[in-house]
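Coordinates in review
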Amino acid sequence: MKKTKLKIAIASAALVVVAATGTALAASNMSGGSGSETVAGSSSASERSATGQSKQKTPSLIKADGANVFPHSLDYDAQSKTFFAGSLKQGKVFAVDTDGTVRTFIDDPQLVSAQAVRVDRERGRVLVSNVDYGTADRSKEKPFGIAGVGSYDLATGKQDWCVDLTAIALDGKKHLISDVTVAPDGTIYAVDELTPTVFRIDTEGRASVFLRSDLLQGKLDIPDFLNGVGMSAVEWVAGDQLIIAMAGGSLVRVPVQQPEDAELVKLSGTPLSAPTAGMRLLEDGSITAVSSGLLNGKPAQIQHVKPSNNWKQATVEVTDTVQDPVTSDVTAGPDGNTYALSGGLADLLAGKPNDGFTLTPVKTG
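Just so it is clear, the structure is predicted and the values come from calculations on it, not from any experiment.

Glancing now at the pairing of strand β23 (residues 287-291). The element β23 is largely enclosed, with a buried count of 5 among its 5 residues. On β23, burial covers both faces: Ile287, Ala289 and Ser291 on one face and Thr288 and Val290 on the other are all buried. As paired elements, strand β22 (residues 276-281) and β23 share 5 bridges and run antiparallel to each other. Its bridge partner lying in β23, Met279 is registered against Ala289. Taking the residues between adjacent antiparallel strands as the criterion, β22 and β23 are bridged by 5 residues, where Gly285 takes a positive phi near 90°. Two elements, β23 and strand β24 (residues 300-308), share 5 bridges in a ladder whose sense is antiparallel. The partner of Ile287 across the bridge, within β24, is Val305.

Before going further, it helps to spend a moment on unusual backbone geometry. A negative phi angle is the norm for most residues apart from glycine, just as the trans form is the norm for most peptide bonds. Here the residue pair Ala274 and Pro275 is connected by a cis peptide bond, since its omega of -5° sits within 30 degrees of zero. Structurally, Pro275 can be placed in the loop between β21 (266-269) and β22. The phi angle at Phe70 is positive, at roughly 50°, despite the residue not being glycine. Relative to the helices and strands, Phe70 resides in the loop between β2 (62-64) and β3 (74-77). Here Trp311, not a glycine, exhibits a phi torsion of approximately 70°, which is positive. Along the chain, Trp311 falls in the loop between β24 and β25 (313-322). With a relative accessible area of 4%, Trp311 lands in the buried category.

On to the nonpolar core, then. Val149, Leu165, Ile177, Val180, Ile188, Ala190 and Ile201 are the most contacted members of the largest nonpolar core, which totals 27 residues. With 3 residues, strand β11 (residues 177-182) is the largest single contributor of residues to this core. Setting aside chain neighbours within four positions, we find Ala190 in contact with Val149, Leu165, Ile177, Asp179, Val180, Thr197, Val198 and Phe199. Val198, Val234, Met246 and Val254 belong to the second largest nonpolar core, which has 17 residues in total.

Moving on, we come to the environment of Gly249. On the secondary structure map, Gly249 appears in the loop between β18 (241-246) and β19 (251-255). The buried category is assigned to Gly249, whose relative accessible area is 8%. In this view, Gly249 contacts Leu267, Leu272, Ser273, Ala274 and Thr276; residues no more than four positions away in its chain are not counted.

With antiparallel pairing, the 4 strands of this open sheet are ordered in space as β2-β28-β27-β26. Each having just a single partner strand, β2 and β26 (327-332) make up the two edges of the open sheet. Across the sheet, the axes of successive neighbouring strands diverge by a mean angle of 25°, strand direction being ignored. In terms of strand pairing, β26 meets strand β27 (residues 338-342) through 5 bridges, oriented antiparallel. Residue pairing for β27: Asp329 is matched across the bridge by Leu341.

Let us look at the confidence of the model for the chain. Confidence along the chain averages 86 in pLDDT terms, with 84% of residues attaining 70 or more. Under a pLDDT of 50 for its full length, residues 1-56 has, in the predicted model, 184 contacts with residues more than four places off or in other chains.

So, about the environment of Val209. Counting through the fold element by element, Val209 comes out in strand β14 (residues 207-212). Exposure remark for Val209: the relative accessible area of 30% places this residue in the partly exposed category. Ignoring sequence-local partners within four residues, the contact set of Val209 consists of Ile168, Thr197, Val198 and Phe199.

Calculation notes
Residues numbered from 1 in each chain as written. Predicted model: local features only at pLDDT ≥ 70, side-chain atom pairs only at ≥ 80, totals over all residues. Heavy atoms only, no water. Buried < 20%, exposed > 50% of the residue type's maximum accessible area, 1.4 Å probe, protein only. Helix = DSSP H or I, 4+ residues; strand = E, 2+ residues; numbered from the N terminus. Pairing = 2+ DSSP bridges. Core = buried A, V, L, I, M, F, W, Y, C linked by side-chain atoms within 4.5 Å. Contact = heavy atoms within 4.5 Å. Axes fitted to C-alpha atoms, helices over the stretch in contact; angles between N-to-C directions. pLDDT = per-residue confidence, 0-100.

See below:
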């Protein structure tokens with residue numbers, strides 16, 4: 001697909017949602033290096049009403065005024081009390097303070113767009129996935145031709161390594177590394193949204209194909225943009241296994257020692273809404289997931305996934321909503337709270353500038 005044709009398709013897909021709700025779709029960009037450039041920031045004191053489940057004040061929404069950052073995902077480092085968010089447009093990773101101040105942390109020309117961001121405090125690194133929707137400042141002529149994962153020093157933002165996963169896949173297909181997770185031994189697992197492939201990367205950046213499975217084949221179509229959208233998020237969970245969220249709303253359980261035994265998680269209660277966009281592993285071993293309203297323009301849903309029988313089954317319950325349909329991730333935050341990310345992706349896909357993004361505190365159960 002030509003770059004011009006792709007941008008027209010993206011814009012038309014975005015306008016479908018804009019027409020319905022005044023909001024729109026999602027995309028991605030990022031990069032690495034170190035820096036201290038302050039973009040801007042402030043925090044809003046918007047206070048949500050207390051529920052019967054909690055008598056404490058709900059934490060305030062965080063308004064980050066970083067111009068044209070357009071993050072798709074982020075992660076939180078509790079030790080430094082800092083969020084790290086990938087920029088879909090500028091090819092950078094930004095550090096976001098709890099007061100909303102945004103500053104450049106990674107600026108690496110090798111990276112085109114940052115889809116996933118994962119803090120690995122134990123090893124002092126930030127992991128980011130390298131993708132290309134064709135909408136970034138550094139986009140190439142062939143959208144979805146870039147797929148990689150980079151490791152960056154948590155203190156300085158300097159690159160440790162950056163691996164090209166298209167050279168590992170060697171299949172000539174479109175690729176989009178939507179998320180990464182880290183096992184206790186430091187092994188990284190990266191999921192591909194456009195092929196049914198899970199990659200494994202060791203601590204030195206050596207990569208291999210971990211699993212290809214028909215269970216991971218994408219089935220969700222986004223009109224005038226992408227067909228066969230598959231794996232959107234991944235978490236390593238107790239029992240040495242991966243839980244993979246499919247954009248279509250299903251979950252797949254993958255035993256790390258026997259990946260060929262991968263199987264669908266049997267879900268009961270409220271089914272996961274599609275498209276499922278991001279997940280956060282909670283301290284009790286359950287998962288909070290966000291389902292974007294990308295296709296229907298309705299508020300994004302925050303859903304609690306409670307496992308049983310070693311993740312062979314799980315119960316799903318809606319615990320909160322976020323008004324912005326294109327809310328794309330959930331992460332930890334200060335004081336054990338969970339925040340949902342709304343990255344202004346409608347403006348990105350419509351080719352408009354944007355002055356920031358929001359982190360909304362949400363209920364997880």
